[in-house]
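# Coordinate analysis (summary)
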Amino acid sequence: MSGVTHSAAGPFGPVLPAVLDEAAHRCLVAGFDGTTAVPDTLKRLIDRGLGGVILFTRNIRDADQVRQLTDALRELRPDLLIAIDNEGGGIGHLVAAGAPEVPGSWALGVADDPALTAACAEALAGHLLSLGITASYAPVADVQSRPENPIVRTRAFGADPDLVSRHLRAWITATEARGVASCAKHFPGHGGTVTDSHHELAVDPRPHDRLDLAPFRAAVDAGVPMLMSAHVVFPALDPDRPATLSPRVLTELLRGDLGFEGVLVSDALEMKAIADRYGEAAGARLALAAGADQVIVAVPDLEVTLACRDAVLDALATGELAEERVTEAAERVRRLALRYAAPYRPGAVTGWDADAGLTAARRAVRSGRGTLPRPVTGAHVVDLFPPPHPALNWGGEDLLTEIRALDPTATGTAVAGEPAGAGAVVGEVARAAEGRPLVVAVCDAGLHPWQGRLRDGLLARRPDALLVSTGLPEPGDALCAYGRGRVNLRAVAEALTGRTT
């Protein structure tokens, strides 16, 4: 490598020593479009030292294709970290690649068997390794502290910090045993907010001693190699900046008080909590200055990644961003890559417990009435749930499909998002369900009033209807799945029909 980078003229950024230019690139994680070919712009970033890429559903076609893609990326740079969000449950980008089916974290917390949580995490990690993916932005360490929280919910292991901590330890240890890097998120916690930071800046107003730091301490003690920051303002810690951009949170609290020595990665910079107030490019510079080691630019538009890269290079050139800070960050990323970037070959990956996820989901099913309802056949099923979150994958699962797989005589509909003419829908359902058992499923109806209106309208016509929750529990539930992963819905379908797959 030459002693300096390209000329400042054109798209290459300022002239910096080559080692510093490479260090700056190591601090970036980029999303991109494509399932086979690597975009030329991404190739140039990788050539200059890009630290990692993050895969999404848009990059996944099938298992063989993913292996070819990860091989092609590592041919360009063997120490490139290849990561993905892999929480399980209804959030999983690898369905088309044959991912193990596991429930979301809340169901694992309800089952409350750390060995079962470990088996689910180990299955996910083994599958990742078989695809050449060696970094997973999971598990969620947040505590679901506010009932009206719109984004954590069943992604968390629960509302009790001790329960969350013990399942975090199980997940992290099992993932590490597979040689995959786990990442506890979102430090110092997103569960105490009433706002989704994908959409706007979130605030947790609690005093310092009420924040949910215990799970993150547990993750650090368990040796988690990565932590992800939250785009959340904590006035008790720093009233002016979200955690991702706060030296008080990232350096003093996380590095100093908690003693974390691994790689600290930001949540995606294009989330509106950062992008709307600071812009992605300024967010990259400020996050690194505050103590982050890598920043994620998950959007596939590589021009956004280049803008973030250029902002970091410009800040280094002017002295606004200290060389020592970027060098320190890049060294942590380098050490992480030495441990995790080079995967085992797929043939060397031994099997995992493919049944652990369904076992956990079955053990998590609960009844709000104390006892499970008597099985029904030939039911009419109405499954109400919000449309997919724009940033979180959803594989199209619905309860009706799972019930019909066990009872082909079942009928019904899946309603994703508020329908036009709710009154007409109630009438249509009541007519279609005449003479049949009626099952009405909702997903976090307290956050989505349209679901509550439809549910209440149907109950007025059919007070004998069985109520199911596929999110957090609702009053009057006959059954609760604690998640919308396919195995969550399958377990509820089994309980409703009295049949198993």
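Here, every reference points to the structure presented above.
Residues numbered from 1 in each chain as written. Predicted model: local features only at pLDDT ≥ 70, side-chain atom pairs only at ≥ 80, totals over all residues. Heavy atoms only, no water.

When its secondary structure is counted, the protein chain shows 17 helices and 15 strands. Against the globule reference of 23 Å for 501 residues, the protein chain gives a C-alpha radius of gyration of 23 Å, in line with a compact fold. A buried classification covers 60% of the 501 residues belonging to the protein chain. Taking the contacts inside the protein chain whose residues are at least 6 apart along the sequence as the reference set, 78% of them involve residues at least 24 apart. (Helix = DSSP H or I, 4+ residues; strand = E, 2+ residues; numbered from the N terminus. Rg over C-alpha atoms; globule rule 2.2 N^0.38 Å. Buried < 20%, exposed > 50% of the residue type's maximum accessible area, 1.4 Å probe, protein only. Contact = heavy atoms within 4.5 Å.)

With respect to topology, 5 strands assemble into an open sheet ordered S4-S3-S2-S1-S10, the strand pairing being parallel. The open sheet terminates on both sides in strands that have one partner only, identified here as strand S4 (135-136) and strand S10 (295-297). Taken together, the 2 bridges between strand S1 (residues 28-30) and strand S2 (residues 52-55) define a ladder with parallel strand orientation. Within S2, the residue paired with valine 29 across the bridge is glycine 52. (Pairing = 2+ DSSP bridges.)

Applying the stated criterion across every chain, the model contains 2 aromatic pairs. Ring geometry for phenylalanine 157 against tryptophan 171: centres 6.2 Å apart, planes inclined by 65 degrees, an arrangement best described as edge-to-face. One end of the pair, phenylalanine 157, is in the loop between S4 and helix H6 (161-177); the other, tryptophan 171, is in helix H6, and 14 residues separate them in sequence. Residue phenylalanine 157 shares its accessibility class with tryptophan 171, and that shared class is buried. Measuring from ring centre to ring centre gives 5.2 Å for phenylalanine 187 and phenylalanine 216, while their planes differ by 85 degrees; the resulting arrangement is edge-to-face. Within this pair, whereas phenylalanine 187 is found in strand S5 (residues 183-187), its partner phenylalanine 216 is found in helix H7 (residues 214-221), the two being separated by 29 residues in sequence. (Phe/Tyr/Trp six-rings, centres within 6.5 Å; stacked < 30°, edge-to-face > 60°.)

Moving on, we get to the packing of helix H14 (residues 399-406) against helix H17 (residues 486-497). Running from amino to carboxyl end, H14 crosses H17 at an angle of 50 degrees, the nearest separation of the two axes being 8 Å. As far as their axial angle goes, H17 and H14 are oblique. The handedness of the crossing between H14 and H17 comes out as right-handed. Between H14 and H17, the contacting residues are Leu399, Glu402, Ile403 and Leu406 on the first element and Arg486, Leu489, Arg490, Val492, Ala493, Glu494, Leu496 and Thr497 on the second. (Axes fitted to C-alpha atoms, helices over the stretch in contact; angles between N-to-C directions. Parallel < 35°, antiparallel > 145°, perpendicular 65-115°, else oblique. Left-handed = near helix turned anticlockwise from the far one by under 90°.)

All right, on to empty space enclosed by the protein then. Enumeration over the complete set of coordinates arrives at 2 cavities of 30 Å³ or more. Its volume calculated, the largest cavity comes out at about 40 Å³. Lining the largest cavity are Asn86, Ala121, Leu124, Ala125, Leu128, Ser136, Ala138, Trp171, Thr175 and Ser182. Sorting the residues of the lining of the largest cavity by element identifies helix H5 (114-131) and H6 as the ones contributing at least two each. Sorting elements by how many residues they give to the lining of the largest cavity places H5 first, with 4 residues. When its residues are assigned to classes, the lining of the largest cavity shows 6 nonpolar, 4 polar and no charged. There is about 30 Å³ of room inside the second largest cavity. If you trace the second largest cavity, you find it lined by Asp142, Val143, Pro188, Gly189, His190, Gly191, Gly192, Asp204, Arg206 and Asp212. (1 Å grid on protein atoms, 1.4 Å probe; cavity = no way out; pocket = protein on both sides within 12 Å on 5 of 7 lines; lining within 4 Å. Points joined across faces, edges and corners; volume = space filled by probe spheres on them. Nonpolar A, V, L, I, M, F, W, Y, C, P; charged D, E, K, R; others polar.)

Positionally, aspartate 383 belongs in strand S11 (residues 380-385). When residues no more than four places from it in sequence are discounted, the contact partners of aspartate 383 are Asp398, Leu399, Thr413, Ala414, Val415, Ala441 and Arg484. A polar contact is formed between the side chain of aspartate 383 and the backbone nitrogen of leucine 399, at a distance of 2.8 Å. Here arginine 484 takes part through its side chain, which lies 2.9 Å from a polar atom of the side chain of aspartate 383. (Polar contact = N/O pair within 3.5 Å; in protein donor to acceptor, adjacent residues only side chain to side chain.)

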